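Working through the structure, step by step
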Amino acid sequence: AGAAALFIPKGEKKEATKAVSAPEPEPIDVSIPYDATAMLAYENWRKENEKGAFNAATFESFSKIYYDMSVETVTAKKLKREAEAMMAAADAGFSKAEKLAASLIEL
């Protein structure tokens, strides 16, 4: 039985059913080459700058710069988010200090 219980009216016989299994699907390779993003950027850069056909040495130089730029961009964005959070905290601190200063006048 179980979650999908089969209810058969009393007096009827249950017919034996043979389980039919679906054929095993063919494996599909969905891997992405390590340099895929750099290659796409390189192809666009070549077309935009009319650099001609693919050149392995140029791609190697391009990909090093591309990855360095990517790391610097991500690092800078993280620092900017952290700095903005610190500025918001500082602004809140200044606001609180101003309220405290105003309460001194009432003493």
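Here, the structure is the one placed above.
Heads up: these notes are all about the structure in this document. Every value quoted in this text rests on a predicted model; they were computed, and no experiment measured them. Along each chain, the written sequence defines residue order, and numbers are assigned to residues from 1. In keeping with the predicted nature of the model, local features appear solely for residues at pLDDT of at least 70, side-chain atom pairs appear and are counted solely at 80 or more, and the whole-chain, interface and lining totals rest on all residues. Excluding hydrogens and water, the side-chain figures rest on all heavy atoms present in the structure.

**Examining the overall build of the protein chain**
The helix and strand tally for the protein chain stands at 2 helices and 0 strands. Relative to its full complement of 107 residues, the protein chain shows a buried share of 6%. For the protein chain, the computed accessible surface area is about 10200 Å², with 62% contributed by carbon and sulfur atoms. Put simply, DSSP H or I for four residues or longer makes a helix, DSSP E for two residues or longer makes a strand, and each gets a number counted from the N terminus. For the exposure calls, accessible area comes from a 1.4 Å probe over protein chains only, and a residue counts as buried if that area is under 20% of its type's maximum, exposed if over 50%, partly exposed in between. The Shrake-Rupley method, run with a 1.4 Å probe sphere, supplies the accessible areas, and residue values consider only the shown protein chains as cover.

**Observations concerning unusual backbone geometry**
The backbone of E50 shows a phi angle near 50 degrees, a positive value even though the residue is not glycine. Its place among the elements puts E50 in the loop between α1 (36-48) and α2 (56-105).

**Remarks on the side chain of R46**
Its location among the elements puts R46 in helix α1. Classification of R46 by relative accessible area gives buried; the value is 12%. Residue contacts are counted whenever heavy atoms from the two residues lie within 4.5 Å of one another. Not counting residues up to four positions away in its chain, the partners in contact with R46 are K51, G52, A53 and F54.

**Overview of the pattern of salt bridges**
A pairing counts as a salt bridge when a side-chain nitrogen of Lys or Arg comes within 4 Å of a carboxyl oxygen of Asp or Glu. Summed over all chains, the structure comprises 3 salt bridges. K64 is the partner of D68 in a salt bridge, and the nearest nitrogen-oxygen pair spans 2.9 Å. Of the two residues, D68 and K64 both sit in helix α2, 4 residues apart, roughly one turn of that helix. By relative accessible area, which is 53% here, K64 ends up exposed.

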